[in-house]
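Letter by letter, the chains look like this.
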Amino acid sequence: MIASVRGEVLDIALDHAVIEASGVGYRVNATPVTLGALHRGSEARLFTTMIVREDSMTLYGFSDTESKDLFSLLQTVSGVGPRLAMATLAVLEPDALRRALSEGNLTALTRVPGIGKRGAERMVVELRDKVDAVATTAGAASGVAVGSSIRDQIVEALEGLGFPIKQAEQATDSVLAESPEATTSVALRSALSLLGKTR
């Protein structure tokens, strides 16, 4: 199995990146936050999980081992496959996901597209006691400078995804004006949603 990929970032799309390692370009599916920390032409390392199916072999990439472990843990719930696990991590950062599961916060879990009330209840029941076993990676490097402002991080992430800087700045300013208290990942998702409508 391919546990990690390190190499030059050849391409970044909305749901995946292509990383060249030893002359081979690997398509790695990832969340917007992970993709936002990558830059075309620079070197990156992603921890990966390979899902082998009858008709496909798919790599899923993460900036830290905590997200990778949570991705695997989510799939132990009946009815949760790789796509739904990725959608969960795209909507809820590891800390928020841990909190939602341990507190039984169904409202937070049902914000994930594809998870209804029953699915959220099943996740809480099956994962509440297991989620604390996943090691946290607090303070781990995420690929984005910690000292830079949220605005700079989002603009940089959108640029890395291929949006022109002017569009990236306008979308970011619009999102932050509406929700000044938003976290980086929430604001990034909102900006991506806004830019998706204008394309």
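All values derive from a computational prediction rather than experimental measurement. (Residues numbered from 1 in each chain as written. Predicted model: local features only at pLDDT ≥ 70, side-chain atom pairs only at ≥ 80, totals over all residues. Heavy atoms only, no water.)

Participant: Teacher, can you tell me more about the overall build of the protein chain here?
Facilitator: Tallying secondary structure elements over the protein chain gives nine helices and five strands in all. When the elements of the protein chain are put in sequence order from the N terminus, they spell out β-β-β-α-β-β-α-α-α-α-α-α-α-α. In terms of overall dimensions, the protein chain is globule-like: its C-alpha atoms have a radius of gyration of 17 Å, near the 16 Å expected for 199 residues. Once the C-alpha set of the protein chain is aligned to its principal axes, its extents read approximately 45 × 45 × 30 Å. Across the 199 residues in the protein chain, those meeting the buried criterion constitute 44%. In the protein chain, the share of contacts with a sequence separation of at least 24, taken over all contacts with a separation of at least 6, comes to 54%. (Helix = DSSP H or I, 4+ residues; strand = E, 2+ residues; numbered from the N terminus. Rg over C-alpha atoms; globule rule 2.2 N^0.38 Å. Buried < 20%, exposed > 50% of the residue type's maximum accessible area, 1.4 Å probe, protein only. Contact = heavy atoms within 4.5 Å.)

Participant: How do you make sense of the layout of surface pockets when you look at a structure like this?
Facilitator: Empty space left among the atoms is revealed by rolling a probe the size of a water molecule over them. Counted as a void, the second largest pocket has a volume near 340 Å³. The wall of the second largest pocket is formed by 16 residues, among which Asp15, Asn29, Tyr60, Arg83 and Met86 lie closest to the centre. For the lining of the second largest pocket, the secondary structure elements donating two or more residues are β3 (24-29), β5 (57-62) and α3 (82-91). Here the element with the most residues in the lining of the second largest pocket is α3; it accounts for five residues. (1 Å grid on protein atoms, 1.4 Å probe; cavity = no way out; pocket = protein on both sides within 12 Å on 5 of 7 lines; lining within 4 Å. Points joined across faces, edges and corners; volume = space filled by probe spheres on them.)

Participant: Would you mind going over the sheet that holds strand β2 (residues 16-21) with me for this structure?
Facilitator: Whenever strands of a sheet pair, they do so through backbone hydrogen bonds, lying parallel or antiparallel. Spatially, β1-β2-β3-β5-β4 is the arrangement adopted by the five strands of the closed barrel, whose pairing is mixed. Along the sheet, successive strands turn relative to each other by an average axial angle of 55°, direction set aside. As paired elements, strand β1 (residues 4-12) and strand β4 (residues 43-52) share five bridges and run antiparallel to each other. If you follow arginine 6 over to β4, its bridge partner there is arginine 45. Packed on one face of the sheet, α3 meets β3, β4 and β5 and runs near 15° to β5. (Pairing = 2+ DSSP bridges. Axes fitted to C-alpha atoms, helices over the stretch in contact; angles between N-to-C directions.)

Participant: Is there a simple way to explain helix α4 (residues 94-103) in this structure?
Facilitator: Because an α-helix completes one turn every 3.6 residues, residues spaced three or four positions apart along the sequence face the same direction. All of the buried residues in α4 are Pro94, Leu97, Arg98, Ala100 and Leu101. Down the axis of α4, the buried set is contained in an arc of 165°. They therefore lie on one face. Buried positions along α4 lie against α2 (65-74), α3, α5 (106-109) and α6 (117-127). Once α4 ends, the next one or two residues include glycine 104, with phi positive near 70°. (Arc of directions from axis to C-beta.)

Participant: When you look at helix α8 (residues 165-178) in this model, what are you seeing that I'm missing?
Facilitator: A rise of 1.5 Å per residue sets the reference length of α8, with its 14 residues, at 20 Å; its end C-alpha atoms lie 20 Å apart and thus fit the reference within 8%. Among all positions in α8, only Ala168, Ala171, Thr172, Val175 and Leu176 are buried. Projected down its long axis, α8 carries its buried residues within an arc of 125°, all on one side. In α8, the exposed residues that point more than 90 degrees away from the buried face are Lys166, Ala177 and Glu178. (Expected span 1.5 Å × (residues − 1).)

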